Each structure stands twice: as structure tokens, then as C-alpha cells.
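# A look at the structure
If you want the building blocks of each chain, they are given just below.
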Amino acid sequence: MSIKIKTFAALSCTVALSFGFATAAFAAGTNAISAKDAWVRWLPNNLPAAGYVTLVNASDKPVDLIDISSNDYGDAMLHQTVSNGSTQKMVMVDRLTVPAHGQVAIAPGGYHVMLEDAKHKVAPGDTVHLTLKFSDGETLDTPFAVKSPAQTK
Ligand SMILES: [Cu+2]
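Everything numeric here is computed off the predicted structure, so don't read it as measured data.

### Overview of the nonpolar core
Leu55 and Leu65 are the most contacted members of the largest nonpolar core, which has 28 residues in total. Sort the elements by how many residues they give to this core and strand β9 (residues 127-134) lands first, with four residues. Not counting the four nearest positions on each side in its chain, leucine 55 is found in contact with Ile33, Ser34, Ala35, Leu65, Val98, Gly102, Gln103, Val104, Ile106, Leu132 and Phe134.

### A word on the environment of glutamine 80
Looking at where glutamine 80 falls in the secondary structure, it is placed in strand β4 (residues 73-84). Here glutamine 80 falls in the partly exposed class, since its relative accessible area comes to 28%. Here the alpha-carbon distance between glutamine 80 and histidine 112, two residues 32 residues apart in the chain, equals 6.3 Å. When neighbours within four sequence positions are excluded, glutamine 80 is seen to be in contact with Lys89, Met90, Val91, Val93, Gly110 and Tyr111.

### What about the coordination of the copper ion?
Surrounding the copper ion are the protein donor atoms His79 (ND1), Met90 (SD), His112 (NE2) and Met114 (SD), at 2.1 to 2.3 Å. Metal-centred angles of 91 to 117° between the four donor atoms at the copper ion mark the site as tetrahedral. For the copper ion, the single-chain donor residues occur in sequence as H-x10-M-x21-H-x1-M. Residue histidine 79 is located in strand β4, and its partner histidine 112 is located in strand β8 (residues 111-118); the two are separated by 33 residues in the primary sequence. Accessibility assignment for this pair places histidine 79 and histidine 112 in one class, buried.

### A short note on the side chain of serine 70
Take serine 70: it is sitting in the loop between β3 (63-69) and β4. Within the local environment of serine 70, its side chain forms a polar contact with the backbone nitrogen of aspartate 72, the two atoms lying 2.9 Å apart. Polar contacts involving the side chain of serine 70 include one to the main-chain amide nitrogen of tyrosine 73, which spans 3.5 Å. Excluding its chain neighbours within four sequence positions, the residues that come into contact with serine 70 are Lys119, His129 and Leu130.

### A few points about the pattern of salt bridges
Tallied over the entire structure, the rule returns one salt bridge. Here arginine 95 makes a salt bridge to aspartate 64, at a shortest N to O gap of 2.8 Å. Highlighted residues: arginine 95 in the loop between β5 (87-92) and β6 (96-98) and aspartate 64 in strand β3, separated in sequence by 31 residues. Relative accessible area serves as the criterion here: at 14%, aspartate 64 is assigned to the buried category.

### Some remarks on the packing of aromatic side chains
A full pass over the atoms with the stated rule returns one aromatic pair. Both rings, one in tryptophan 39 and one in tyrosine 52, keep their centres 4.8 Å apart while their planes meet at 40°; by these two values the pair is tilted. Residue tryptophan 39 is found in strand β1 (residues 33-41), and its partner tyrosine 52 is found in strand β2 (residues 49-57); the two are separated by 13 residues along the sequence. Given a relative accessible area of 16%, tryptophan 39 falls into the buried group. The exposure class assigned to tyrosine 52 is buried, which follows from its relative accessible area of 7%.

Conventions used here
- Residues numbered from 1 in each chain as written.
- Predicted model: local features only at pLDDT ≥ 70, side-chain atom pairs only at ≥ 80, totals over all residues.
- Heavy atoms only, no water.
- Core = buried A, V, L, I, M, F, W, Y, C linked by side-chain atoms within 4.5 Å.
- Buried < 20%, exposed > 50% of the residue type's maximum accessible area, 1.4 Å probe, protein only.
- Helix = DSSP H or I, 4+ residues; strand = E, 2+ residues; numbered from the N terminus.
- Contact = heavy atoms within 4.5 Å.
- Donors = N, O, S within 2.8 Å, 3.2 Å for Na, K, Ca; no water.
- Tetrahedral: all angles 85-135°; square planar, octahedral: opposite > 155°, others 65-115°.
- Polar contact = N/O pair within 3.5 Å; in protein donor to acceptor, adjacent residues only side chain to side chain.
- Salt bridge = Lys/Arg side-chain N within 4 Å of Asp/Glu carboxyl O.
- Phe/Tyr/Trp six-rings, centres within 6.5 Å; stacked < 30°, edge-to-face > 60°.

Listed below in C-alpha cells is the structure:
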């Protein structure tokens with residue numbers, strides 16, 4: 001009995017250690033920018049999807065998001081929703097500044113990453129990857145959780 005307990009304790013310790021190591025390795029890079037809360041609002045019938053993410057700048061200089069690409073979508077563009085009285089329209093955004101020691105949210109009602117021309121079947125529950133390029137030369141390969149509209153309400 002006591003042997004069994006020891007084995008179990010050793011096993012869970014190994015799991016915790018490797019998980020901790022992976023997390024530390026991911027966060028310990030020299031990147032100024034990190035991404036959090038990355039998700040995609042999926043729509044049926046091959047309608048364009050929208051990607052959302054919060055970008056955090058740990059450095060003391062502003063950094064601009066300058067390009068987005070994806071192996072999962074033919075087209076990935078940063079758009080801003082602009083309200084124009086009773087109507088809304090989307091405008092292209094060339095660069096988005098993440099302030100020094102600050103963050104910017106690409107979030108519903110403001111910015112979104114328009115995702116069109118999926119290269120394979122994408123469904124809620126999947127993870128897609130967007131590559132975010134920044135003005136300081138860094139590139140962030142970011143996993144986005146794909147959610148159905150019902151999951152995001
Ligand atoms: Cu759009």
C-alpha cells in the first residue's frame with residue numbers, strides 16, 4: 001500500500017515539474033510581447049471568422065503589430081469596426097501600437113483579425129495558429145481557441 005502511494009506521488013510530481021518547466025520556457029524568452037486570451041469566433045457555412053487576442057508589452061518601448069499570417073487561413077487581416085451613426089463598417093488597420101508596459105485588446109466591438117479562406121475544415125473546439133509580426137522584429141506564433149458563437153455569449 002505504501003509503495004503504491006509513493007509511486008503515485010512521484011508520478012504526479014514529475015507531471016507537475018514538466019508542466020512547470022514548459023511554462024517557464026515559454027515565458028522566459030526575450031520577447032517584449034506576449035499574447036493572452038486568444039480565441040476565434042467561428043461562423044458556419046465558410047463565413048469569415050474573427051480572431052481576438054490581448055497583446056501585452058513587457059518592455060519600456062512601444063511595439064507595433066505590423067503583420068498577421070496563418071497556415072490555417074488564406075487571409076488574415078487586422079480590421080477595426082467603426083460605428084457610423086446607425087451603420088458599422090470595417091476598416092483595414094496597418095499597424096496597432098502596444099504601449100510600453102501596457103496592453104492592447106483586439107476584442108469584440110473594436111479590433112478583430114478577419115480570417116477568411118480557411119485552408120482546411122475548422123470547427124469549434126479546434127486550435128488554429130496565427131503568426132503575429134512586430135516592429136521590433138519579433139514573431140509570435142500564437143494558438144487561438146476556436147469557439148462557436150453560442151460559446152462566446
Ligand atoms: Cu473584418
